Amino acid sequence: MSREELEKRFQEKIDAEIKIEPKDWMPERYRRNLIRQISQHAHSEVVGMLPEGNWITRAPTLRRKVALLAKVQDEAGHGLYLYSAAETLGISREEMIEQLLSGKAKYSSIFNYPTLTWADIGAIGWLVDGAAIMNQVMLTRTSYGPYARAMVRICKEESFHQRQGYEIMLTLARGTEVQRQMAQDALNRWWWPALMMFGPSDKDSVHTAESMKWKIKRKTNDELRQQFVDVTVPQAEYLGLTIPDPDLKWNEARGHYDFGEIDWEEFWRVVKGNGPCNHLRMKARREAHEKGAWVREAALAYAEKRRQRQQQKAS
Ligand code: FAQ
């Protein structure tokens, strides 16, 4: 079959909502685009453990500590499902980790901001997980089977994360004046970075057109960002907190909230490695990787020993 014919059939399958599975024929660009997106998504989950990990030992009550510990562990799990999904496309985990540690692969800009107070843990759950869910619900319908299936479970867990964050914000917002101010300060610092999570505006997004054609993405960056703003503004109102955007207002004609311009210079600065915590995050990941070397070696030695035993038994 000619390449044109293969590509035509591939697109027909996508258009008919038939999932693409690892052993199916796929265009090389589809494969590479997916490896890029899924591995960056995995890296984001793993690096994303760091800002919250910072507060596990300082959680204000045992109940909060248990919930935060479970959330951070979930994020490690999400990273693992996603690395596994990417491996089905023919890249090894070692290669992906190498790409992260060498700075070649990106991870979400949001995890390069510091967690200064306990209220930041509330704001991360509410806003960061809230934005992540908005994006990931669409990915449960992505065209690549292993990615779509991983997303179903991840979304269920993310929705618990979002609720634990919102509950922290609600407690603080209804607490003392100092606690309410802590919640407002966290919202002030996390609002704009949360909007940046959805990526550059559609006109500057290099991958969106192709990803939409292949149904890797089912909604564009700007569509998801708008959806997030529309859902989150009433939540902030319920908390009695103010979103730090003087241009934010309901637009009756559009049926959506209008909102101010994102600081794209800040976005690209953070994406390119020069945000407030980029160096700290990569240093922590490199150290964790080095400290974990003995575990990887032990696991490989054990696997080799088992293989030899099984071989002996068989012969
Ligand atoms: N940060 O052409 P586009 C989470 C890059 S998980 C850094 O629009 P695309 C859970 C982009 O990679 C959060 N880089 O790209 C959690 C590309 O660079 P490249 C992560 C960004 O892929 C919660 C370039 O800019 N979620 O939070 C960002 O079509 C709490 C051009 O951009 C996912 O990864 C950014 N914000 O659209 C964990 C979801 N935005 O690769 C712990 C899956 C863009 O050419 C605690 N990913 N870039 O070098 C996606 O849906 C997409 O990849 C987008 C970007 C929407 C993120």
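This text follows the structure it describes.
Residues numbered from 1 in each chain as written. Predicted model: local features only at pLDDT ≥ 70, side-chain atom pairs only at ≥ 80, totals over all residues. Heavy atoms only, no water.

Participant: Quick question: what am I supposed to make of the site of the ligand here?
Facilitator: Taken together, 36 residues lie near the ligand, and R36, K106, S205, H207 and K217 sit nearest. The separation between a nitrogen atom of the ligand and a polar main-chain atom of S109 is 2.8 Å. A distance of 2.7 Å separates an oxygen atom of the ligand from a polar atom in the side chain of S205. A total of 1,100 Å² of accessible area belongs to the ligand in isolation, and the protein chains cover 92% of it. (Near = heavy atom within 4 Å. Polar contact = N/O pair within 3.5 Å; in protein donor to acceptor, adjacent residues only side chain to side chain. Areas by Shrake-Rupley, 256 points an atom, 1.4 Å probe, with all protein chains shown as cover.)

Participant: What is the right way to read the layout of surface pockets from this model?
Facilitator: Empty space among the atoms becomes visible once a probe the size of a water molecule is rolled across them. Empty space within the largest pocket amounts to approximately 1,000 Å³. Lining the largest pocket are 45 residues; nearest its centre among them are Q40, S108, M197, F198 and G199. Sorting the residues of the lining of the largest pocket by element identifies α2 (28-47), α3 (49-53), α4 (62-87), α6 (119-139), α7 (145-173), α9 (208-213), α10 (221-239) and α11 (264-274) as the ones contributing at least two each. At 9 residues, the largest contribution of residues to the lining of the largest pocket is made by α6. (1 Å grid on protein atoms, 1.4 Å probe; cavity = no way out; pocket = protein on both sides within 12 Å on 5 of 7 lines; lining within 4 Å. Points joined across faces, edges and corners; volume = space filled by probe spheres on them. Helix = DSSP H or I, 4+ residues; strand = E, 2+ residues; numbered from the N terminus.)

Participant: Explain the nonpolar core to me, please; I cannot follow it from the model alone.
Facilitator: Note that soluble globular proteins tend to have their nonpolar side chains buried in a common cluster. The biggest cluster of nonpolar side chains holds 78 residues, and the ones touching the most others in it are Y30, I38, Y144, W190, W191 and F228. A total of 11 residues in this core trace back to one element, the largest contributor, which is α6. Setting aside chain neighbours within four positions, we find I38 in contact with L82, A85, A86, L89, Y144 and Y147. (Core = buried A, V, L, I, M, F, W, Y, C linked by side-chain atoms within 4.5 Å. Buried < 20%, exposed > 50% of the residue type's maximum accessible area, 1.4 Å probe, protein only. Contact = heavy atoms within 4.5 Å.)

Participant: Got a minute to help me understand the side chain of R64 in this structure?
Facilitator: Mapped onto the elements of the fold, R64 is located in helix α4. A relative accessible area of 12% means that R64 is categorised as buried. Within the structure, R64 has its side chain in polar contact with the side chain of T171 (distance 3.2 Å). The residues contacting R64, other than those within four sequence positions of it, are A59, W118, E167, I168 and T171.

Participant: I keep staring at empty space enclosed by the protein and nothing clicks. Help me out?
Facilitator: What the rule picks out here adds up to 1 cavity of 30 Å³ or more. By volume, the largest cavity is sized at about 40 Å³. Lining the largest cavity are I14, E17, I18, K19, R141, T142, S143, K215 and R218. A per-class count over the lining of the largest cavity returns 2 nonpolar, 2 polar and 5 charged. (Nonpolar A, V, L, I, M, F, W, Y, C, P; charged D, E, K, R; others polar.)

Participant: What is the right way to read the side chain of T115 from this model?
Facilitator: Looking at where T115 falls in the secondary structure, it is placed in the loop between α5 (93-101) and α6. Here P51 takes part through its backbone oxygen, which lies 2.8 Å from a polar atom of the side chain of T115. Of note is the side chain of T115, whose polar atom sits 3.0 Å from the side chain of N54. If near-sequence neighbours (up to four positions away) are discounted, T115 is found in contact with P51, N54, W55, D120, I121, I124 and W190.

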